[in-house]
Amino acid sequence: MVTWINPEPRWYVPHMPEYLSPTAPIAEDAILPSDPAHALLLAQELLEAPLMSNHSHGLWGYHGETAAGRPLTIQSTGIGGPSAAIVLGELAELGVRRAVRIGACTPLDGHLEAGDAAVVERATAVGAGVAGNADTALTRRLADAARPVATGAVASVDPLLDGSEPPPSGALATDLESAAVLSLAATLGVAAAAVLVAGAPSEAALKRLGLSAAEALESPGDG
């Protein structure tokens, strides 16, 4: 049974079932891949002695310490904005205060090639009227660590929409979850950032972005 840190839920419908059932501590810092297999890969790469912290609903999550001795949670969000929003909301209730989303994107601007990294400054949900800005300080540290090919805005799409609304002008790429994560984080008091890889992410690319995210989170929180 999850013990909610904040007794005043702000993001979910009252009586919604709990999706995460932690069996290990939840750190203040979290890395959020969408794919459970990517969460396992990153836990093995980044944590000294990872413990599985969640397997409820197939949303694999892990807890441990980095090589620098800092607690870190790695939690998969599932595919799509609604799933990512649910997971982030529950993580915030459980004490997460900083989070970096890691995922894949489809390039739009012609400057990203397969395997290139992009750090997200702003994400807009196409057709949903939802947008969110990444935390400035965390994004700056993430860009310094990841040395991305590009930094800018992305458009998050919903496959259920008809696609008649084009992505915002200047968007680097499309993805599925960044708008949900960044927009909800601001209301939850979570400093959030995102780094994406163009195309299907290779194991090497995921490890590289995971190391960059962990490095960005190593710095003391400064809003």
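For the structure, check the block above.
Keep in mind that what you see is a predicted model, and the values were worked out from it rather than measured.

1. Structural notes on the environment of Val195
Position of Val195 among the secondary structure elements: in strand E10 (residues 191-198). When the C-alpha positions of Val195 and Thr139 are compared, they lie 8.9 Å apart, and in sequence the two are 56 residues distant. Not counting the four nearest positions on each side in its chain, Val195 is found in contact with Val100, Arg101, Ile102, Gly103, Ala118, Val119, Leu142, Ala146 and Leu209.

2. As for helix H4 (residues 178-188)
Extensive coverage of H4 is indicated by the burial of nine of its eleven residues. Buried residues of H4: Ser178, Ala179, Ala180, Val181, Leu182, Ser183, Leu184, Ala185 and Leu188, and no others. Positive backbone phi, approximately 75°, marks Gly189, located one or two places after H4.

3. Examining unusual backbone geometry
The backbone phi angle of His57 is positive, close to 60°, even though this residue is not glycine. Within the secondary structure, His57 sits in the loop between strand E2 (51-54) and strand E3 (61-65). Its identity is not glycine, yet Arg147 carries a phi of approximately 45°, on the positive side.

Thresholds applied
Residues numbered from 1 in each chain as written. Predicted model: local features only at pLDDT ≥ 70, side-chain atom pairs only at ≥ 80, totals over all residues. Heavy atoms only, no water. Helix = DSSP H or I, 4+ residues; strand = E, 2+ residues; numbered from the N terminus. Contact = heavy atoms within 4.5 Å. Buried < 20%, exposed > 50% of the residue type's maximum accessible area, 1.4 Å probe, protein only.

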